[in-house]
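Geometric and topological summary
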Amino acid sequence: MSPGYRTRGRRQPKPSPGPLRIPQKPRFPKRKFTVPRPQLPHLDASPAHARAPPSSWRAMEDEEMEKKVQQYLHRKGFRLTELALQEERNRLSTTSLSDVSLSRSDNDPARYYDGYNKLRTWAYNSLDQYKHELLRVLYPVFIHCFMDLVAEGHTQEARSFFHTFREDHELMHSRDLQKLEGILSPLHLEEMDLARSLRENKFRIKLCEYSYELLLQYLQKTQALVMLGIINERIIFEVSAGQPSLISDDADVVALVGTSKDLAKQINQKEVHWGLLEDSVEERMEKALSDSDKTEAESKDADAEDNNKKKSSEGGKQGGPLKKLKKDKVVGATGKNNKSEASMVSAAPRVKPELTLPATPVEVEQSILEDLRNRAQLNNLALPSVSFYTFLNTHNGLNCSSISNDGSLVVGGFSDSSVKVWDMAKIGQPAKTSSSQGENGSSQGEHLSSTSEGKRPYTLFQGHSGPVYSAAFSPFGDFLLSSSSDSTIRLWSTKLNANLVCYKGHNYPVWDVQFSPVGHYFASASHDRTARIWSMDKIQPLRIMAGHLADVDCVQWHVNCNYIATGSSDKTVRLWDVQTGECIRMFIGHRSMVLSLAMSPDGRYMASGDEDGTIMMWDLSTGRCVSPLAGHNSCVWSLAFSCEGALLASGSADCTVKLWDVASSTKALKMDDTKAGSTNRLRLLKALPTKSTPVYNLRFSRRNLLFATGALSLGS
């Protein structure tokens, strides 16, 4: 055997086989080996009862131990140590009692009332220099105190709190307060878009450094835990060094942005080509018009020189004609300079179209050329003529109206699902027998000269199954679009008086529809929070623009047809790329739903009007507001730029048309381009009040005549 095997064999040999003996001595003492038989716990026994005896025993042991320690210290004469132990016991007992009282007060609704009332009193008693900045904190705190009370189920206390302090915020936030007043249960907080947006996002508030320090000192000194929690969770402060901001800027320094703030910054970094289309129809017509003007001027100059030569050869009175000729030349030169200065369009860059544009008929080009030849040049001294069409006896049934480019046709959309078109040239003349047709070609309207209805001065279009909310003519007036609460868009022919196509794609009411500046394409805005782009020859949308947080209330095409702008009930305006369907600009600043939009003729600026009567003008290249103003006392329903971009017209539910000076503001902006954040308020040139007619729609014709429509409202 190998040595290694012998080494392992050094172990003791196994015992020889014999009888197996089991040791009788137990492993544990007999008295400790008796264990009770395990039993399953009863299902009705409370776990607290099962653990109660050990905890009570531990408490009794702790008390006995403390008594023995205290007796020992007393017996040994350690008086100071005994007093220190006694103080520690008292401190622990008071801390436990305060924790119990604090846990009980967590559900006390009065803590919101007391905390907000103290914060409000402190803010109103602050120094006048910083008071208006500190008061900005109150509105977010007020809103979230109210919603937290509702969420915790304290409905009555929430209503009392809301009505007690709502007057502090009526001036700046009346629309939001009217909506929030309807919240009566925690379920409403989840269903209402505004409440959900307020709870999901944060408020951005601008404060100077000293105001911010004052607020922190107050919160630390008063230990207002409820207010501190709301401010930490719901508000983002932008602290700036230096003096407090102006009181007039309060509308701009408090905004609900939350996550959309970073999103807006990211979106607004994208490039926007805001110029006009290359080789557009109007550009070609303007060139042709300028060339014809030059040839006419040259021929007139040649004729004048010939006449002067003849008169000079004859002698006599020649000073007068020569002076008159020089004067005519000077007047002509200054007129041309005024035209070139007034036109903002000529200086705009040119871009290529992203859509396939339709061809323009020759007769349309001739009419455009004629309009350009007769166009009136407008400025702050030469204001436009206004032609106002008033609807009578509508009985509150007129929802919308629109005017064709030349003002020859006017359309109205009504609550009874009908669309009516008036031809201005035929008003006052006897009506002919005609009827409108539905999409299947069969007659669905009534004869215009029926004996029961009498002679109608309009053409009736029927086909929608719900109220009509928007109507728009094509650029040349041969087609008409209408949108309705039945979620459809219908295309009508004004020449055939027939319904051609019914476009279905939206899931909810369609609030607005607009033709592109070149026709063929159109855009729609709906309650389903989307905007869609369509073409007349396809029944399905080409693009769907999704991203708004609430209804898309209005839509407007850019002048180069590469972008569309949308205004929404989420208080934002967005600019979308038609080719990609991507949002490339987000404009934040309105305090209520955006109801109207307009693009400047050069494509650089956009105006937007909201429910509160505020009008804001935006620079598309930078994405910032350049001219904020409180334009009207009620909803701004329509906006329109003049053809050269010098004037902006606004129509409102307060029964006024207002004209604003855009040219002077844009000149100042171009001079101050190096100064970031510079804003200039538009100058009001003239207010044109109606007797009792809210303004529904505005449009400048190619000749710079301003058309307006509205329905007489005896109760306004």
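Residues numbered from 1 in each chain as written. Predicted model: local features only at pLDDT ≥ 70, side-chain atom pairs only at ≥ 80, totals over all residues. Heavy atoms only, no water.

**Some points on the sheet that holds strand β13 (residues 488-493)**
Note the cut-off: Here the rule is simple: two strands pair whenever DSSP picks up at least two bridges between them. The helix count covers DSSP runs of H or I at least four residues long, the strand count covers runs of E at least two residues long, and both are numbered beginning at the N terminus. The angle between two axes is taken between their N-to-C directions and runs from 0 to 180 degrees, where each axis is a line fitted to C-alpha atoms and a helix contributes only its stretch in contact.
Strand order in this open sheet of 4 strands is β11-β12-β13-β14, and the pairing throughout is antiparallel. Of all the strands in the sheet, the pair left with one neighbour each is β11 (468-473) and β14 (498-504). The mean inter-strand angle of the sheet, taken between neighbouring strand axes irrespective of direction, is 20°.

**Observations regarding helix α11 (residues 209-222)**
Our working definition: Between the first and last residue of a helix there are one fewer steps than residues, each counted as 1.5 Å, and that sum is the expected span. Each residue gets one of three labels from its accessible area relative to the maximum for its type: buried under 20%, exposed over 50%, partly exposed in between, using a 1.4 Å probe on protein chains only. The reported arc concerns the directions from the helix axis to the C-beta atoms and nothing else.
For α11, with 14 residues, the first-to-last C-alpha span of 20 Å sits near the 20 Å given by 1.5 Å per residue. All buried positions along α11 are accounted for by Ser211, Leu214, Leu215, Tyr218 and Leu219. Buried residues of α11, viewed axially, fall in a sector of 130°; they line one side. Exposed residues on α11 whose side chains face more than 90 degrees from its buried face are Gln217, Gln220 and Lys221.

**Considering the nonpolar core**
The cut-off we apply is this: The nonpolar core is taken to be a set of buried Ala, Val, Leu, Ile, Met, Phe, Trp, Tyr and Cys residues, with the residues joined through side-chain atoms within 4.5 Å. Throughout, a contact is declared for two residues whenever any of their heavy atoms are within 4.5 Å.
Counting 39 residues, the largest nonpolar core has Val141, Phe146, Leu180 and Met227 as the members making the most contacts within it. Sort the elements by how many residues they give to this core and helix α6 (residues 138-151) lands first, with 10 residues. Excluding anything up to four places from it in sequence, leucine 180 contacts Ile143, Phe146, Phe162, Met192, Leu194, Ala195 and Leu198. The next biggest cluster of nonpolar side chains, apart from the first, holds 19 residues, and it includes Val573, Phe587, Val594 and Leu620.

**Topic: the sheet that holds strand β9 (residues 418-423)**
One open sheet accounts for 4 strands, arranged β7-β8-β9-β10; its pairing is antiparallel. The sheet terminates laterally at β7 (398-403) and β10 (458-462), the two strands that pair on one side only. Mean inter-strand twist for the sheet, computed between neighbouring axes without regard to direction, equals 20°.

**What to know about the packing of aromatic side chains**
The test is simple: Here the aromatic set is Phe, Tyr and Trp, taking the six-membered ring for Trp, and pairing holds for ring centres within 6.5 Å; pairs whose planes are under 30 degrees apart are stacked, those over 60 apart are edge-to-face, and all others are tilted. Sitting over a ring, as applied to charges here, requires NZ of Lys or CZ of Arg to be within 6 Å of the ring centre and within 35 degrees of the ring normal.
According to the stated counting rule, one finds 23 aromatic pairs in the structure shown. Taken together, a centroid distance of 4.8 Å and an interplanar angle of 70° make the contact between tyrosine 116 and phenylalanine 165 edge-to-face. You can see tyrosine 116 sitting in helix α4 (residues 110-124) and its partner phenylalanine 165 sitting in helix α7 (residues 155-165), a full 49 residues away along the chain. An identical accessibility class is assigned to tyrosine 116 and phenylalanine 165; each is buried. The ring of phenylalanine 414 carries lysine 420 above its face, with NZ or CZ at 4.7 Å from the centroid.

**Regarding the confidence of the model for the protein**
Stated precisely, the cut-off is as follows: pLDDT expresses how confident the predictor is about each individual residue, on a scale running from 0 to 100.
Predicted confidence across the protein gives a mean pLDDT of 77, with 71% of residues reaching 70 or more. Of the regions scoring below 50 in pLDDT, residues 97-104 engages in 0 contacts with residues more than four places distant in sequence or in other chains. Predicted confidence for residues 315-342 stays below pLDDT 50, and this span has 11 contacts to residues more than four positions away or in other chains.

**Let's talk about the side chain of arginine 159**
The following threshold applies: Counting rule applied: Lys, Arg positive; Asp, Glu negative; His and chain ends not counted. What makes a salt bridge here is a side-chain nitrogen of Lys or Arg within 4 Å of a carboxyl oxygen of Asp or Glu, nothing more. Polar contacts here mean pairs of N or O atoms no more than 3.5 Å apart (in protein, one a potential hydrogen donor and the other a potential acceptor; neighbouring residues in sequence count only if both atoms are side-chain atoms).
Inspection of the secondary structure puts arginine 159 in helix α7. Within the buried set, arginine 159 has no salt-bridge partner at all; the shortest N-O distance to an opposite charge, 4.4 Å, is to glutamate 181. Polar contacts involving the side chain of arginine 159 include one to the main-chain carbonyl oxygen of glutamate 181, which spans 2.5 Å. Not counting residues within four places of it along the chain, the set of residues in contact with arginine 159 comprises Phe146, Glu181, Ile183 and Leu184.

**Examining a negative patch on the surface**
Operational definition: Put simply, a patch holds well-exposed residues, over 30% relative accessible area, that have no salt bridge, with like charges counted together within 9 Å and Val, Leu, Ile, Met, Phe, Trp or Tyr side chains within 5 Å. Only the protein chains shown count as cover for residues, with accessible areas throughout obtained via the Shrake-Rupley method and a probe of 1.4 Å. Charge positions come from single atoms, namely NZ of Lys, CZ of Arg, CG of Asp or CD of Glu.
A cluster of acidic residues, Glu61, Asp62, Glu63 and Glu64, forms a negative patch at the surface. Here glutamate 63 shows up in helix α2 (residues 47-76). On the accessibility criterion, glutamate 63 (49% relative accessible area) is partly exposed.

**Examining helix α8 (residues 170-180)**
Looking at α8, one finds that the buried residues are His173, Asp176, Leu177 and Leu180. Across the axial projection of α8, the buried residues extend over an arc of 110°, all falling on one side. For α8, the elements touching its buried residues are α6, α7 and α10 (193-200).

**Regarding the pairing of β9**
The buried count for β9 comes to 5 of 6 residues, which makes it a mostly enclosed element. Here 5 bridges tie strand β8 (residues 409-414) to β9, and the two strands are oriented antiparallel to one another. Of the residues in β9, the one forming a bridge with glycine 413 is valine 419. Both β9 and β10 contribute to a ladder of 5 bridges, which runs antiparallel. Residue pairing across strands places valine 421 opposite threonine 459, the latter belonging to β10.

**Focus on the side chain of threonine 530**
Relative to the helices and strands, threonine 530 is located in strand β17 (residues 530-535). Among the polar contacts listed, one links the side chain of threonine 530 to the side chain of arginine 532, at a separation of 3.4 Å. Ignoring any residue separated from it by four or fewer positions in sequence, one finds threonine 530 in contact with His506, Ser524, Ala525, Ile544, Met545, Ala546 and Val552.

**Here we look at a nonpolar patch on the surface**
Taken together, the side chains of Leu392, Leu712 and Leu714 make up a nonpolar region of the molecular surface, amounting to roughly 330 Å² of accessible area. For leucine 714, the location among the structural elements is in the segment after β32 (706-711). Judged by its relative accessible area of 77%, leucine 714 falls in the exposed class.

**Comments concerning the pattern of salt bridges**
Tallying each qualifying case throughout the model produces 17 salt bridges. Of the charged contacts, one joins glutamate 170 and arginine 166 as a salt bridge, the two residues approaching to 2.8 Å between their closest N and O atoms. The class of glutamate 170 is partly exposed, set by a relative accessible area of 29%. Taking the shortest distance from any N to any O, the salt bridge between arginine 373 and glutamate 370 comes out at 3.5 Å. Separated by 3 residues within a single helix, arginine 373 and glutamate 370 lie in helix α17 (residues 362-373), roughly one turn from each other. With a relative accessible area of 41%, arginine 373 lands in the partly exposed category. Residues participating in the shared-partner salt-bridge network are Arg166, Glu170 and Glu181.

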